[in-house]
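Residue-level listing of the chains:
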Amino acid sequence: MYTIMSIFGTRPEAIKMAPIIHAATQDEQLKSLVCVSAQHREMLDGVLHAFSITPDYDLDIMRHGQTLQSITSLILEKLTPVLEKERPDMVLVHGDTTTTFAAALCAFYLQIPVAHVEAGLRTYHRYSPFPEEINRQMVSRISTLHFAPTQTSAQHLLNEGVDEHTIFVTGNTAIDALQYTVDEHFEHPALTWAKGHRIILLTAHRRENQQGGLQQIFAAVKKLCARFEDIRVIYPCHRNPMIQQLAHEMLDDCDQIRIIEPLEVYDFHNLIRHSYLLLTDSGGIQEEAPSLGKPVLVLRDTTERPEGVKAGTLRLVGTDEETILQHASELLTDKTAYAKMSNASNPYGDGKASQRILRALNTYLHDK
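Computed from a prediction, not measured in an experiment: that's the story for all the values here.

Novice: Is there a simple way to think about the packing of aromatic side chains in this case?
Specialist: The way to describe two aromatic rings as a pair is by their centre distance and the angle between their planes. Scanning the entire structure with this criterion turns up seven aromatic pairs. Taken together, a centroid distance of 5.5 Å and an interplanar angle of 75 degrees make the contact between Phe186 and Tyr266 edge-to-face. In this pair, Phe186 is assigned in the loop between helix 7 (173-181) and helix 8 (189-194) and Tyr266 in helix 11 (residues 265-274), connecting sequence segments 80 residues apart. Judged by its relative accessible area of 32%, Tyr266 falls in the partly exposed class. Directly above the aromatic system of Phe268 lies the positively charged group of Arg11, at a separation of 5.5 Å from the ring centroid. Above the ring of Tyr276, the side-chain terminus of Arg198 is found at 4.9 Å from the ring centroid.

Have a look at this one:
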């Protein structure tokens, strides 16, 4: 039996690692351990509860006013004795968070192989998104196995000199996760409030949008409400105090917008299902929403998910107020344009990524 340890610390990582963890517990060839950094404590805990995952180790690093430097140093300090004790045959990390990079670095220092889930995403702009773009590039240099969600991601790795025999195109585990969460009988107070109207689900929080971008996003959403009386905007607002303050200052006077607390994954996935359109600067939503037939306007200047743009499930609109207004208005008025996005084929997988990842892991561990 081989031991694998999944290490993650944020809500998006947990959502996408959960299907792998569930599949691994059913695999007789593997002993599956889970270690969380708790980089984002409350939002992480909600996902763990939703997927019935109990970590074997909790580093509990979150601190008020934490910085990228403090997160990195605390993980290195607290994870080292855990890895020294367990000595897993493989460490699994996901994506591009600071937890991802620090955990991979710690495993490398101890000469423990690393497998990177959702590998090969790139914008090739080092500060967009920040710090994620550099995090994932550095993890690629460390990793032994690379689980790329798409052929485009795999090609990025090949272009960077990664051995083709270590790259596996698996699809994205975000699609796997929807199988655990979507419920046709779902109810929520925000849905009751918006009943009879077209719902726009908004998420906006990224670091690069906190220097003027959020103001333009919020202004565009208010103009959209003024233009379309039949829409209701639901905004699960990030707990960052600056974002909370700005959102309430700019949006509270519009009765077509409802600011709510961040949502647990079960609620969020089901709100996507009930939405007409999504405006987001998130990464994972660019994969999840198209699987539910929902068009996505990406509130960023770059995306590491160009496959969705090419397939037509996403539009990259940035944070310019008038550009957002133009594209959202088109989708609210042009049924043909809406249907084209809604019915486009999602390039991010078929819900079987976890199975492919475990097959590759077992083959590598058996042969090494």
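Novice: Got a minute to help me understand the pairing of strand 2 (residues 30-36) in this structure?
Specialist: As a general feature of sheets, a regular strand has side chains that alternate between the two faces. Burial analysis of strand 2 places six of its seven residues in the buried class, the great majority of the element. Sheet analysis places strand 1 (residues 2-8) next to strand 2, joined by seven bridges and oriented parallel. Across the sheet, residue Met5 finds its bridge partner in strand 2, namely Leu33. Taken together, strand 1, helix 1 (residues 11-25) and strand 2 form a β-α-β motif whose crossover is right-handed.

Novice: In this structure, what is going on with the packing of helix 3 (residues 68-86) against helix 4 (residues 98-109)? I would like to understand it.
Specialist: Orientation of helix 3 relative to helix 4, taken along the N-to-C sense of each, is 40 degrees, at an axis distance of 9 Å. By the angle class used here, helix 3 and helix 4 are oblique. Between helix 3 and helix 4 lies a crossing of right-handed hand. Within the contact between the two elements, helix 3 uses Leu68, Ile71, Thr72, Ile75, Leu76, Leu79, Thr80 and Leu83 and helix 4 uses Thr98, Thr99, Ala102, Ala103, Leu105, Cys106, Ala107 and Tyr109. Partitioned by chemical class, the residues of the contact of helix 3 with helix 4 number 12 nonpolar, four polar and no charged.

Novice: Just to check I follow, could you spell out helix 2 (residues 41-50) for this structure?
Specialist: Structural remark: α-helix, 3.6 residues per turn; residues separated by three or four positions point the same way. Within the span of helix 2, buried status applies to Arg41, Leu44, Gly46, Val47 and Leu48. Lining the buried residues of helix 2 we find strand 1, helix 1, strand 2, strand 3 (57-58) and helix 11. Immediately downstream of helix 2, the backbone of Ser52 shows phi near 55 degrees, a positive value.

Novice: Whenever I open this one, the side chain of Arg300 confuses me. Can you help?
Specialist: Within the secondary structure, Arg300 sits in the loop between strand 12 (296-298) and helix 13 (306-311). Only 3.3 Å separates the side chain of Arg300 from the backbone oxygen of Thr302, close enough to count as a polar contact. For Arg300, the residues in contact, after removing those within four places along its chain, are Pro129, Arg206, Glu208, Asp281, Ser282, Gly283, Gln286, Leu316, Val317 and Gly318.

Novice: Mind showing me how you'd approach empty space enclosed by the protein here?
Specialist: Empty space among the atoms becomes apparent when a probe as large as a water molecule is rolled across them. Going through the model one piece at a time under the given rule, you end up with one cavity of 30 Å³ or more. Empty space within the largest cavity amounts to approximately 30 Å³. His94, Val117, Glu118, Phe147, Pro149, Thr170, Gly171, Asn172, Thr173 and Ile357 are the residues that line the largest cavity. For the lining of the largest cavity, the residue count by class is four nonpolar, five polar and one charged.

The rules behind these values
- Residues numbered from 1 in each chain as written.
- Predicted model: local features only at pLDDT ≥ 70, side-chain atom pairs only at ≥ 80, totals over all residues.
- Heavy atoms only, no water.
- Phe/Tyr/Trp six-rings, centres within 6.5 Å; stacked < 30°, edge-to-face > 60°.
- Helix = DSSP H or I, 4+ residues; strand = E, 2+ residues; numbered from the N terminus.
- Buried < 20%, exposed > 50% of the residue type's maximum accessible area, 1.4 Å probe, protein only.
- Lys NZ or Arg CZ within 6 Å of the ring centre and 35° of its normal.
- Pairing = 2+ DSSP bridges.
- Right-handed = clockwise from strand over helix to strand, strands pointing away.
- Axes fitted to C-alpha atoms, helices over the stretch in contact; angles between N-to-C directions.
- Parallel < 35°, antiparallel > 145°, perpendicular 65-115°, else oblique.
- Left-handed = near helix turned anticlockwise from the far one by under 90°.
- Contact = heavy atoms within 4.5 Å.
- Nonpolar A, V, L, I, M, F, W, Y, C, P; charged D, E, K, R; others polar.
- Polar contact = N/O pair within 3.5 Å; in protein donor to acceptor, adjacent residues only side chain to side chain.
- 1 Å grid on protein atoms, 1.4 Å probe; cavity = no way out; pocket = protein on both sides within 12 Å on 5 of 7 lines; lining within 4 Å.
- Points joined across faces, edges and corners; volume = space filled by probe spheres on them.

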